[in-house]
Amino acid sequence: MSFSDLSVGSELLGYRVEGLLGRGGMSVVYLAEDLRLRRRVALKLLSPALAGDELFRERFLAESELAASLDHPCVVPIYEAGEADGRLFIAMRYVEGSDLKQLLRDGPLTAERTVGLCAQVADALDFAHERGLVHRDVKPSNVLLDRREHVYLADFGLTKRLADPRVGVLRSRRRRVLLRPRAARLRARRAPCRLDVGGVGRPLGRR
Ligand SMILES: Nc1ncnc2c1ncn2[C@@H]1O[C@H](COP(=O)(O)OP(=O)(O)O)[C@@H](O)[C@H]1O
Ligand SMILES: [Mg+2]
């Protein structure tokens with residue numbers, strides 16, 4: 001069974017695939033049934049290449065735990081995350097509807113809708129930032145929408161805890177540079193939160 005093409009009805013990790021929801025650069029998301037709890041979930045499988053990257057693997061597992069601790073109405077609830085058969089996966093709430101990428105493709109949004117969507121994304125980010133978590137990948141396809149345009153912000157997978165000294169791992173000319181914890185915390189507090197804030201307005205601002 002290949003990573004990129006699971007057929008309807010195939011079972012893995014206690015889930016049965018019902019269909020394909022979409023693909024990202026390094027991931028594929030399926031609509032699936034959780035066979036233990038008999039509920040629908042979105043099952044995200046990451047490229048097997050990522051499980052082989054030790055640093056990514058460690059971060060993914062640690063950060064999934066942090067992301068799962070976020071309990072906010074505008075953040076996608078994570079049900080399970082882990083590694084099985086050399087493959088990293090996340091099972092999360094299935095958001096039946098669309099995403100902001102699709103919505104923007106359909107045409108311009110009114111000012112009122114734009115404000116409503118931005119406010120929900122900002123609220124979710126505010127909540128995460130207050131708890132020391134930064135999203136780092138706020139983009140239209142990560143803003144999931146149910147049929148009433150309630151926002152669920154997805155993919156806190158690259159999140160780092162601000163207080164975590166490991167946040168000081170920087171890449172410079174292909175080398176990893178470790179910052180002292182205090183310097184790392186200061187940098188982390190300023191830069192990534194700004195990154196998230198910029199991410200809220202950028203896609204909608206073009207409209
Ligand atoms: N929890 C979810 N519920 C419904 N659809 C989802 C969910 N998570 C992701 N998707 C869909 O799957 C697609 C691929 O997601 P992803 O692999 O995160 O890549 P990207 O965010 O880069 O597009 C997204 O466009 C989104 O619409
Ligand atoms: Mg995504």
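Everything below is about the structure shown above.
Not measured: the values here are computed from a predicted model.

Analysis parameters
- Each chain carries its own residue numbering, running from 1 in the written order of its sequence.
- As they are written, the chains are lettered A onward and the ligands numbered 1 onward, keeping that order.
- Given that the model is predicted, a residue must reach a pLDDT of at least 70 before its local features are reported, and side-chain atom pairs must reach 80 or more before they are shown or counted; all residues, however, enter totals for whole chains, interfaces and linings.
- Only heavy atoms go into the side-chain values, all of them from the structure, while hydrogens and water stay out.
- Segments assigned H or I by DSSP are reported as helices when at least four residues long, segments assigned E as strands when at least two residues long, and all are numbered from the N terminus.
- With a 1.4 Å probe rolled over the protein chains alone, any residue whose accessible area is under 20% of its type maximum counts as buried; one over 50% counts as exposed, and the rest are partly exposed.
- Any pair of residues with heavy atoms lying within 4.5 Å of one another is described as a contacting pair.
- Only the protein chains shown count as cover for residues, with accessible areas throughout obtained via the Shrake-Rupley method and a probe of 1.4 Å.
- Distances decide who is a donor: an N, O or S atom must be within 2.8 Å of the metal, or within 3.2 Å for Na, K and Ca. Water is not included, so sites may look incomplete.
- A single heavy atom is enough: if one lies within 4 Å of a molecule or strand, its residue is considered near that molecule or strand.
- Here a polar contact is taken to be a pair of N or O atoms separated by no more than 3.5 Å, where protein atoms must pair a possible hydrogen donor with a possible acceptor and residues adjacent in sequence count only if both atoms sit in side chains.
- For our purposes a nonpolar core is just a set of buried Ala, Val, Leu, Ile, Met, Phe, Trp, Tyr and Cys residues, chained together by side-chain atoms within 4.5 Å.

Caption draft 1: Representation of the overall build of the protein in the model. The number of helices and strands found in the protein is five helices and 13 strands. Among the 207 residues that make up the protein, the fraction classed as buried is 44%. Sequence separation of 24 or more characterises 54% of the internal contacts of the protein that already satisfy a separation of 6 or more. When the accessible surface of the protein is totalled, it reaches about 11800 Å², and 49% of it is carbon and sulfur.

Caption draft 2: Fine view of the coordination of the magnesium ion (ligand 2). Around the magnesium ion (ligand 2), the protein contributes the donor atoms Asn142 (OD1) and Asp155 (OD), at 2.0 Å from the metal centre. Of this pair, Asn142 sits in the loop between strand 8 (133-134) and strand 9 (143-146) while Asp155 sits in the loop between strand 10 (151-153) and strand 11 (160-161); the two residues are 13 residues apart in sequence, bridging distant segments of the chain. Judged by its relative accessible area of 3%, Asn142 falls in the buried class. Take Asp155: its relative accessible area is 24%, and that puts it in the partly exposed class.

Caption draft 3: Summary view of the site of ligand 1. Ligand 1 sits among 18 residues. The nearest are Ser27, Lys44, Arg93, Asp99 and Lys139. A distance of 2.6 Å separates an oxygen atom of ligand 1 from a polar side-chain atom of Ser27. One of the side-chain nitrogen or oxygen atoms of Ser141 is found 2.9 Å away from an oxygen atom of ligand 1. For ligand 1, whose accessible area on its own is 550 Å², the fraction buried by protein is 87%. Those elements that provide at least two residues to the shell around ligand 1 are strand 2 (15-23), strand 3 (27-34), strand 4 (39-46) and strand 6 (87-93). Considering each element in turn, the shell around ligand 1 owes the most residues, three residues, to strand 2.

Caption draft 4: Region of the structure containing the environment of Gly22. Relative to the assigned elements, Gly22 resides in strand 2. Using a relative accessible area of 24% as the deciding quantity, one classes Gly22 as partly exposed. C-alpha separation for the pair Gly22 and Ser141, spaced 119 residues apart in sequence, amounts to 9.9 Å.

Caption draft 5: Broad picture of the nonpolar core. In this structure, Leu70, Leu100, Leu117, Val121, Val143 and Phe156 are the most contacted members of the largest nonpolar core, which totals 24 residues. Within the residue set of this core, elements represented by two or more residues are helix 2 (54-68), helix 3 (100-105), helix 4 (111-130), strand 9 and strand 10. When residues in this core are grouped by element, the largest group, seven residues, is from helix 4. Among residues more than four places away in sequence, those in contact with Val121 are Val138, Val143, Val151 and Val200. With 14 residues, the next largest nonpolar core counts Leu46, Ala51, Val76 and Ile90 among its residues.

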